[in-house]
Structure formats: structure tokens, C-alpha cells
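# Summary of structural features
The lines below spell out each chain.
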Amino acid sequence: MSLKKIWESMLSDKGFLAIMIILIVVMAVVTVVREGKDLKVGLYGVTQMLQRQSPYDNPTDANRPIFRYAPAFTLLQAPFLLTSKVVGPYQFEHMLPSVFCWYVAEILAMAASVLILMRLIPAVSAETARRNLRISIFLALPLIGYEISNSQNKLIALAFLLFAIYLFEKNRQFLSAVFLSIAMTIYIPLAFFAFYFIFRSRGRYIVNFILGVLLIFVFIPSLIWGAGYNNFLLKDWYMRCLKPFAMTTSYTTYMELRPSSQSLPSAIARMFIVGRSTPYRYILSPEAIHALIRICSTTILAISLLTVWKKMKPGLLGLSYAVFLPLSLIMPSYCIWYTWAYLFVLYFAALNYMSYPDVSPAEKRSLKIAVAVLLVTSYSIAIGPLNDISVMFWGTVFFWGSAAVIILKRQRIGI
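Note that the coordinates shown come from a computational prediction; the quantities given were computed from them, not determined experimentally.

## What to know about the overall build of the chain
- Each helix and strand counted, the chain has 19 helices and four strands in total.
- Taken over C-alpha atoms, the radius of gyration comes to 21 Å for the chain, in line with the 22 Å a tight globule of 415 residues would show.
- In terms of overall dimensions, the chain has C-alpha extents of about 60 × 50 × 45 Å along its principal axes.
- Looking at the chain as a whole, 56% of its 415 residues are labelled buried.
- Look at the contacts in the chain between residues 6 or more apart in sequence, and 74% of them connect residues 24 or more apart.
- For the chain, the exposed area adds up to about 18,400 Å²; of that, 68% sits on carbon and sulfur atoms.
- Seen as two clouds, the 37 positive and the 17 negative side-chain charges of the chain have centres 9 Å apart.

## A closer look at a nonpolar patch on the surface
- Taken together, the side chains of Phe174, Leu175, Ile206, Val207, Ile210, Leu211, Leu214, Phe219, Ile220, Leu223 and Ile224 present a nonpolar region at the surface, about 980 Å² in accessible area.
- Elements supplying a minimum of two residues to the nonpolar patch: α8 (173-186) and α10 (205-225).
- The greatest single-element share of the nonpolar patch, amounting to nine residues, is contributed by α10.

## Describing the layout of surface pockets
- By volume, the second largest pocket is sized at about 550 Å³.
- Looking at the second largest pocket, it is lined by 21 residues, and the ones nearest its centre are Phe16, Met20, Ala111, Val114 and Ile137.
- The dominant element in the lining of the second largest pocket, judged by the number of residues it contributes, is helix α2 (residues 13-33), at eight residues.
- Classifying every residue of the lining of the second largest pocket by side-chain character gives 18 nonpolar, no polar and three charged.

## Re empty space enclosed by the protein
- Under the criterion given, the structure shown has three cavities of 30 Å³ or more.
- There is about 50 Å³ of room inside the largest cavity.
- Lining the largest cavity are Leu117, Leu120, Ile121, Leu161, Leu162, Ile165, Phe193, Tyr321, Leu325 and Val345.
- Contributing elements (two or more residues each) for the lining of the largest cavity: α5 (96-120) and α7 (154-169).
- By residue number, the principal contributor to the lining of the largest cavity is α7, which donates three residues.
- Taken together, the residues that form the lining of the largest cavity break down as ten nonpolar, no polar and no charged.

## Topic: the nonpolar core
- Residues Ile137, Leu180 and Phe344 are the most contacted members of the largest nonpolar core, which totals 134 residues.
- Sequence-distant contacts of Leu180, defined by excluding residues within four places in its chain, comprise Leu161, Ala164, Leu190, Phe193, Ala194, Phe197, Tyr205 and Phe209.

## Here we look at the pattern of salt bridges
- This model, assessed by the stated rule, comprises four salt bridges.
- Measuring nitrogen to oxygen at the nearest pair gives 3.7 Å for the salt bridge that ties Arg240 to Asp57. Residue Arg240 is located in helix α11 (residues 227-246), and its partner Asp57 is located in the loop between α3 (39-50) and α4 (73-77); the two are separated by 183 residues in the primary sequence.
- Between Asp358 and Arg410 there is a salt bridge; the shortest N-O distance is 3.7 Å. Of the two residues, Asp358 sits in the loop between α16 (343-354) and α17 (361-379) while Arg410 sits in helix α19 (residues 391-410), which places them 52 residues apart along the sequence.
- The exposure class of Asp358 is exposed, given its relative accessible area of 53%.
- By relative accessible area, Arg410 is classed as partly exposed at 23%.
- When salt bridges that share partners are traced, they join Asp358, Glu363 and Arg410 into one network.

## Topic: α16
- The terminal C-alpha atoms of α16, which comprises twelve residues, lie 17 Å apart, in line with the 16 Å expected from a rise of 1.5 Å per residue.
- For α16, the complete set of buried residues consists of Leu343, Phe344, Val345, Leu346, Tyr347, Phe348, Ala349, Ala350, Leu351, Asn352, Tyr353 and Met354.
- Against the buried residues of α16 lie α5, α6 (126-149), α7, α14 (317-324), α17 and α19.

## Some thoughts on the environment of Lys40
- Among the secondary structure elements, Lys40 is positioned in helix α3.
- Given the relative accessible area of 16%, Lys40 is considered buried.

## A short note on the environment of Ile186
- Among the structural elements, Ile186 can be located in helix α8.
- According to the relative accessible area criterion, Ile186 is buried, its value standing at 2%.
- The spacing of Ile186 and Gly42 is 144 residues in sequence and 10.0 Å in space, taken between C-alpha atoms.
- When sequence neighbours within four positions are dropped, the list of residues in contact with Ile186 reads Tyr69, Phe73, Leu76, Asn153, Ile156, Ala157 and Phe160.

The rules behind these values
- Residues numbered from 1 in each chain as written.
- Predicted model: local features only at pLDDT ≥ 70, side-chain atom pairs only at ≥ 80, totals over all residues.
- Heavy atoms only, no water.
- Helix = DSSP H or I, 4+ residues; strand = E, 2+ residues; numbered from the N terminus.
- Rg over C-alpha atoms; globule rule 2.2 N^0.38 Å.
- Buried < 20%, exposed > 50% of the residue type's maximum accessible area, 1.4 Å probe, protein only.
- Contact = heavy atoms within 4.5 Å.
- Areas by Shrake-Rupley, 256 points an atom, 1.4 Å probe, with all protein chains shown as cover.
- Lys, Arg positive; Asp, Glu negative; His and termini not counted.
- Charge placed at Lys NZ, Arg CZ, Asp CG, Glu CD.
- Patch = residues over 30% accessible without salt bridge, like charges linked within 9 Å, V, L, I, M, F, W, Y side chains within 5 Å.
- Salt bridge = Lys/Arg side-chain N within 4 Å of Asp/Glu carboxyl O.
- 1 Å grid on protein atoms, 1.4 Å probe; cavity = no way out; pocket = protein on both sides within 12 Å on 5 of 7 lines; lining within 4 Å.
- Points joined across faces, edges and corners; volume = space filled by probe spheres on them.
- Nonpolar A, V, L, I, M, F, W, Y, C, P; charged D, E, K, R; others polar.
- Core = buried A, V, L, I, M, F, W, Y, C linked by side-chain atoms within 4.5 Å.
- Expected span 1.5 Å × (residues − 1).

Here it is in C-alpha cells:
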């Protein structure tokens, strides 16, 4: 059988379903063997809060919190504590029920994301959309599997974000803000989508966003564990996890040079810092590196906002999501490989856009190159030296830039 026939059989209804069932079973086994690696961090936070302590205290390193989520995230993760018990710093026993239930939640979140994407990002036909989605999942499957087998939570955050986008498109702005706020408790960099909603709504989303944040971050947690304790947690979260990056005046307070981080701050730092641990040798001063990171971040955000400055044409909606979602990957101070499981959304948006007959050959060629670059660079994590020069980051920026340019040209903003 030729490779083309094998590929076509994989994309067929029966072939795709069979492959997904096999992968779900295999990933379940791998997840159990890994014993809920990253789930332990969230459950540690839950345990600390049940004891009315700060989840941001790290018994193994006082200067580096392991639990970095918003306090309200523990409300989502608490039901998964089940029979698990802390027996030491980030050490649990009886983890199997928690790991299994969290795994099921991740699979359901992925399924929900797929269903929402089929409604959110149109293609020239429903059949084309289904085919493109299957291709997109296959292209990103190693990263999706990596994310799930680590018992991470980014796919669950993505599902809440996609619900927020869907509700926004249905003009249910308050509910959209609530779902976005829930997503932010899991992965705060998804807050960049607030800019998207605000610009698309010409500012009307602001009030709803504020109310959504207050409801999810303040009111509901305060009702459950008290306003005083919640205020203490919010302050500790801000001081320990947000302020070192958001309000710093020197890059040294949020330096992350581990190869697993492929975000903008890490990528730029590697260009001007020699060594992976202190003492570093600076080619530029920490203040200059900090300024450069801020300039680059501001420029990327400004260009992204330009893409939604004018009224969005329906055919460009999917591509606009593919401009803003990469911001949650490249803008944080630290973003690890498995968060690039989000790439299946970017692939799907690009493939669906290319399916329309009015898309020019130049646009199709540009997006094909961008998808190919993103695919190759996302697999580059398997080659250690390429992580040291942030190849995955640069591939993501290339895709982001390609999508942004197409939208800006289509919206007739001269660049």
C-alpha cells in the first residue's frame, strides 16, 4: 500500500476513530506509569489550601514557587484529590484514582475543543473542515500526547478559552468573560485574549471582563473559603508569581534559561547571556535585556491588535484566533514544550483558511510555508542543541507573523 493510501485511510472516519481509540488507551497507560507527574503540583496546592496555608510556599526552594496558578484554580482541581494523600514535599500516595480521573477530564476537554472548533472556524465545506481537523490533530499529536501524559492542564484551559470565544461570537459577552476568567485561573497568559475581545467589541467587553474576573477570582472563592483568606492568597500569588515578571525593572528577577522554555524572554536571553546558571556572563546588561524584551513584546502585541482594529471579515476569524493564541506561548517568562499542544488550533485555522477559493495563491503559499516551518520547529525539541537557540520559538513567531500579515493585507492596513 502506498503512503498516500495509508494517509487517506488514516483520515477516513473508521481509520481516524481506530487510531484515536488506540492512542487514548496507550496514553492512559503512559499517564499512569508517570504517576500524575504535574498533577501533583496542583494537588499540593489543594492540600495546602485545605490546611489554610499558602500553596505558593515551596519546602524545597523558598525562592521558587512550584504552584503558580491563581488561587481559584484549586476549586477546579480539588475534586480530583480523591484518595491521594501528601506524604512529603510534592510526594503523594494513592494517586491512581486522581490520575485516572484527571486523564478522563483531559480527554473530555480535548473532545470539547474539537467540537467547538468545528463551529468556530469555518471551511469551504463541513467535509473539508473534518478532514483539516484530523490532519491538524495528527500534526500536533506528539505534543498533545506529551501534554496529556504529563497530567498537565493546558488543554483544559484551552477548552474554556474556546468556549469563551464561541460565546463571544454569539454575543454572550458576560458568559464569555466568565469562561475566559476560568481559563486564566489555569493558565494566566490566556489573558491576552482579553485584548482580542476588547478590540473586537470596541471596548464593550471591558465591563464584562472585569465582572468575570471579580466573580471567578474574588467572589466565588471568598464565599467558599472566606474573603480574608482569599485576599491573602491573591496577594501572595501576585507577589510570588506575577510581580517578578510583570513589574520588574531588571531581567535578572525572571530569568529562565532552561532549554524547555521557548518563550520570548528565554529566547532573547539566550542570545545575550552565556551560561545556564549563575554566575552568568552578560553580553548586554540585565537592564538592556529587559528593555529589549519589553520592546519586542509590545511590538508583537501591537501588531496583533492591528489585525482586529477594523471590523473582522468572517473568513478571517479563524486566522485571527491563530494570531492571538501564540501570544500565550511566546509572551510568558516561561513556557514549556508541552503547551505547544495548542498548535492543532493554529494548523486547523490555517488549513481552513486555505480551503476558500478566493484565497490567493500567494496567501496559500505563505501559509503552507508557515505551517511547514511550525511543524518542523515544533519537532525540533527532540534535538537538544536546537532548543538552545530557541528554534521552536522562532518557528512560532514566523507562523504568527505570516498569519498577521495576511490579515492586515486583507483588512487593507498598509504594511
